[in-house]
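Tertiary structure, described
Okay, here's what each chain looks like letter by letter:
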Protein chains: 2
Amino acid sequence: MAKAPVLTPQAEDFPRWYQDVISKAELADNGPVRGTMVIRPYGYGLWERMQSEIDARIKAAGARNAYFPLFIPQSYMVKEAEHVEGFAPELAVVTHGGGKQLEEPAVVRPTSEMIINDYFAKWVQSYRDLPLLINQWANVVRWEMRPRVFLRTTEFLWQEGHTAHATYEDARDYAARIHREVYADFMVNVLAVDVVLGRKSPAERFAGAINTLTLEGMMRDGKALQMGTSHELGQNFARAFDTRYLSKEGSRELVWQTSWGSSTRMVGGLIMTHGDDNGLRVPPRLAPVQAVVLAVKDDEAVLAKVRELGAALGAAGIRAEVDDRTDTPFGRRAVDWELKGVPVRVEIGPRDLAEGTAMLARRIPGGKEPVSIEQLPKLLPTVLEEDQALLLRQSRELREGRTRDVQTIEEAVEVATRGGWARIPWAELGAEGEQRLAKDAVSVRCLVAEDGSVPESDDAPGTLAIVGRSY
Amino acid sequence: MAKAPVLTPQAEDFPRWYQDVISKAELADNGPVRGTMVIRPYGYGLWERMQSEIDARIKAAGARNAYFPLFIPQSYMVKEAEHVEGFAPELAVVTHGGGKQLEEPAVVRPTSEMIINDYFAKWVQSYRDLPLLINQWANVVRWEMRPRVFLRTTEFLWQEGHTAHATYEDARDYAARIHREVYADFMVNVLAVDVVLGRKSPAERFAGAINTLTLEGMMRDGKALQMGTSHELGQNFARAFDTRYLSKEGSRELVWQTSWGSSTRMVGGLIMTHGDDNGLRVPPRLAPVQAVVLAVKDDEAVLAKVRELGAALGAAGIRAEVDDRTDTPFGRRAVDWELKGVPVRVEIGPRDLAEGTAMLARRIPGGKEPVSIEQLPKLLPTVLEEDQALLLRQSRELREGRTRDVQTIEEAVEVATRGGWARIPWAELGAEGEQRLAKDAVSVRCLVAEDGSVPESDDAPGTLAIVGRSY
């Protein structure tokens, strides 16, 4: 079956390939206000699966969901100096409401530290109220000069966690727990992205944080994508809002805080980690549709069998869909499912049916072979787990193959500009070297220890900087 | 155990009782921008359960979730005349973004008809694309002059469904299906609110609709709350956006549309339908926590048993929580769970333990009795279903007891101002009578047929108007 070359090849123009996939796989459209996006049902289905997997992990870590207002009085934004400076250039401001000019303009939340801390200061009274572990699923707005769908949009969807603790250690450990048990576990084991876990250099930290933990994924063009972050806020916001608790000993102490977030940007990361010239490839554990059963022709026996098999796969715990739209040519439908990256296609035509077989097309390794229809409900769970593992292996091989150990800044720039990551001793690079990298649009993605673990401080001996270009 | 009178009694001041419950049960706080609210974890837990129940029903009706931008260019708002007029006074407007004045101000969505129809016009090409069934979970903003938490807030959370169909009949049937299979099924069988299903009078219709189906609940003060609506939009928006499909016969036809929504307002409805002078009463099928197991004292054997029972109830499919916070006095914790309306409290102290029993306190019928701890995992599912049924029966009895059949407008006003609903022949009332009612702040909640079904038109013979005061 000859296929129309619907996508720009990755090797020819990666950014255009990315836009093509988003459009042809019907993931998203641009919104009418610059930098906004419309997430179409298939793209939103990916996000819903991400949400449900992350939400379960957040709840397992003891946090509970809540909801804070979209609008923040402009005066709130000045309470924590560094934080304000970080967000001021990106704010959207509401000046009119209900037909009148507002007495005080309201900012559309770019993140919710400011408003949440206002309530934390009221809710936290005693040590009994700690730790206070809150998460919010919400839309946020940051005005973007160079928007790109999913990666950098004026409005995006995310979860933001906000916590308050009695001690520094408890806050530090909780930020690390979220980093590892929520984000890394999800990204590695569900998204199949072999992320690097590290800490941000002081220059790259979140505005107002004393430490930012990050997860960096390598995209297929060798650039980095920050996939999620978990911040230790120290007592910066506690001081700004005077958030104190009565200790067991009767003294009034400032709390220690964390915040952490992951967003629809992960959909972009998924596309750029696993996609190929034929479209998306969705990891089976994430896939909203893991298997699609296609009727090749409008034939009564075929349609009956396709529906029967769809139900049998569903009963076997597989997220299966039936494609019986035989008024659309089969080839077009097959290409469409391939573009959408559904892991497995099961194709049944009259000839297959006569032999009790179906064509099994696997999107991830590629290839097509006849299999017994009866065996499919038993066979597919194994196939899907194999393909899940394959995607993670490919992600790891890409990253390892494109990462070089270097000793000088010049070498680091060269590796990064050719499309890869350089690992360079942080003592060699330092804040000055970081500024030098910036001239070539290269940045420190994160700091890691020699054994690959997360360093406990910026100046721990043997700390390495991972350096690259990024989205 | 004597209880502190923490709530204003309903009979004394119902609106104040409502505010007290919201505050004492930690459901929500007022936000800093007028009319906004902070939904606290327990309140949000109620909303999450509503979301998951409604979402499952929406998906069963074939619709898929998507996400459209928060910001709508101001110029879009003028496309459908009636719709614009309906929403203009409530709009919040963003005039500045990224530090600059915007060339075109953006409206914060009050509902998404305008932006969604813009995309429907692009996505719908052929009859094969129909029906197009989309739902969105989102926040919306309508500037409120008289805000009240959950009932009428400047920002609220909701789902809004938007669909396009090839024929009038298909759209009409889908709006009715959502009304019945999504909203009524959820409200009656999960929320235990004995809603009346009807159609809105022409004056009460959604701006831009040709028919609005509604679900009206009677609150404990005899006022009505509109709990959800499903609209037939006819071809009004299709004409405004020129949304056409190529029919099988090759002609280009306008689509027929519906939209439908339900919101965090339902949390207010839940409170005012089931709450009593001791706090909330949450229907077991909705309850995020169906049973709480309390350790009466800080005793090792008690704590072990409480945790063991919590796990056993969880294994029996009950949403159970363990309360082992013995550094807070037992009486205070018991009152707190009562305020929060958790259906069942299981209290275990050293004496109970010695006898192998626990005190079972049922929030809904009230009362407390000793039961065998071992029997609880088997007993509770039945108890919870009984209490679910009891709440629905009480909701029905309230509504039936406070509804009167009347023949004149004067009688209708009298019934409504005393705190009840009047049922009056629509032919008797009509649009003129409706204006007369408005002078006494009374309105037509909906039109129903004599047999209680939804009338097929406004002027169907025998149509009755249900008339009352409302939130």
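The name an unreviewed UniProt entry gives chain A is Proline--tRNA ligase, with Streptomyces hoynatensis as the organism. The record in UniProt for chain A states the following under Function (unreviewed entry): "Catalyzes the attachment of proline to tRNA(Pro) in a two-step reaction: proline is first activated by ATP to form Pro-AMP and then transferred to the acceptor end of tRNA(Pro)." Listed under Catalytic activity (unreviewed entry) in UniProt, the entry text for chain A is "tRNA(Pro) + L-proline + ATP = L-prolyl-tRNA(Pro) + AMP + diphosphate".

Facing 55 residues of chain A, the contacting portion of chain B comprises 56 residues. Carbon and sulfur atoms supply 61% of the area that chain A and chain B bury against each other, a total of about 4400 Å² over both sides. One can count four salt bridges joining chain A with chain B. Between K59 of chain B and E48 of chain A there is a salt bridge, with its nearest N and O atoms 3.0 Å apart. Taken together, chain A and chain B are joined by 26 residue pairs in polar contact (both at pLDDT 80 or more).

Mapping chain A onto chain B is achieved by rotating through 180 degrees and translating by 0.0 Å along the same axis, at an RMSD of 0.0 Å. Viewed as a symmetry operation, the transformation between the two copies matches a two-fold axis. When each C-alpha of chain A is compared by its distance to the rotation axis, V94 of chain A comes out closest, at 2.1 Å. Both copies share a contact surface, since 100% of the interface residues of chain A are interface residues in chain B too.

Okay, helix 2 (residues 41-60) of chain A next. Residue and element names in this part refer to chain A. Taking 1.5 Å per residue, 20 residues should reach 28 Å; helix 2 reaches 28 Å between its end C-alpha atoms and fits that length. The buried fraction of helix 2 is high, at 15 of 20 residues. Following helix 2 by one or two positions, G62 adopts a phi angle in the positive range, close to 90 degrees.

Side chains carrying opposite charge are able to pair once their charged atoms draw close together. Residue and element names in this part refer to chain A. Taken as a whole and judged by the stated rule, the model has 62 salt bridges over all chains. For R418, the salt bridge goes to E414, with nearest N and O atoms at 2.8 Å. For R418, a relative accessible area of 60% translates into the label exposed. For E414, a relative accessible area of 45% gives the class partly exposed. Here the salt bridges share partners, and the residues they tie into one network are R49, E53, R57 and D185.

So, on to the UniProt feature "domain: Aminoacyl-transfer RNA synthetases class-II family profile" (unreviewed entry) in chain A. Feature annotation in UniProt places "domain: Aminoacyl-transfer RNA synthetases class-II family profile" (unreviewed entry) on residues 34-283 of chain A, given in this structure's numbering. For residues 34-283 of chain A, helix accounts for 30% and strand for 32%, while the C-alpha atoms at its two ends are 31 Å apart.

Further remarks concern empty space enclosed by the protein. The full count for this structure, using the stated rule, is one cavity of 30 Å³ or more. Size it by volume and the largest cavity reaches roughly 30 Å³. Lining the largest cavity are M37, I39, E155, F156 and L157 of chain A together with Y67 of chain B. Per-element tally for the lining of the largest cavity: the top contributor is strand 8 (residues 155-165) of chain A, with three residues. Classifying every residue of the lining of the largest cavity gives five nonpolar, no polar and one charged.

Procedures and definitions
Throughout this description, residue numbers start from 1 for each chain and increase along the sequence as written. Whichever chain is written first becomes A and whichever ligand is written first becomes 1, with later ones labelled in order. Local features in this predicted model are restricted to residues whose pLDDT is 70 or higher, and side-chain atom pairs enter the listing and the counts only when it is 80 or higher, whereas totals over whole chains, interfaces and linings include all residues. Water and hydrogen atoms were dropped before computing side-chain values, which therefore reflect all heavy atoms in the structure. UniProt positions are given in the numbering used here, feature names are shortened, and annotations may be inferred rather than shown by experiment. Note on contacts: a residue pair is in contact if any heavy atoms of the two residues lie within 4.5 Å. Buried area is understood as the total, over both parts, of accessible area removed when two parts are fitted together, assessed with a 1.4 Å probe. Whenever a carboxyl oxygen of Asp or Glu lies within 4 Å of a side-chain nitrogen of Lys or Arg, that contact is scored as a salt bridge. Counting of polar contacts relies on pairs of N or O atoms within 3.5 Å, with two restrictions inside protein: one atom must be capable of donating a hydrogen and the other of accepting it, and residues adjacent in sequence are counted only when both atoms are side-chain atoms. The fit set for superposing copies consists of C-alpha atoms from residues with pLDDT of at least 70 in both; the fit itself is least squares. Runs of E in the DSSP output that reach at least two residues are strands. Runs of H or I that reach at least four are helices, and both are numbered from the N terminus. Residue count minus one, scaled by 1.5 Å, sets the expected span of a helix. Throughout this description, buried means an accessible area under 20% of the type-specific maximum (1.4 Å probe, protein chains only), exposed means over 50%, and partly exposed covers the range between. We place a 1 Å grid over just the protein atoms. Points where a 1.4 Å probe fits but has no way out form a cavity, open points with protein on both sides within 12 Å along at least 5 of 7 lines form a pocket, and any residue with an atom within 4 Å of a point lines it. Grid points are joined across faces, edges and corners, and a volume is the space filled by probe spheres set on the points. Any residue outside Ala, Val, Leu, Ile, Met, Phe, Trp, Tyr, Cys, Pro, Asp, Glu, Lys and Arg is labelled polar, Gly included; the first ten of those are nonpolar and the last four are charged.

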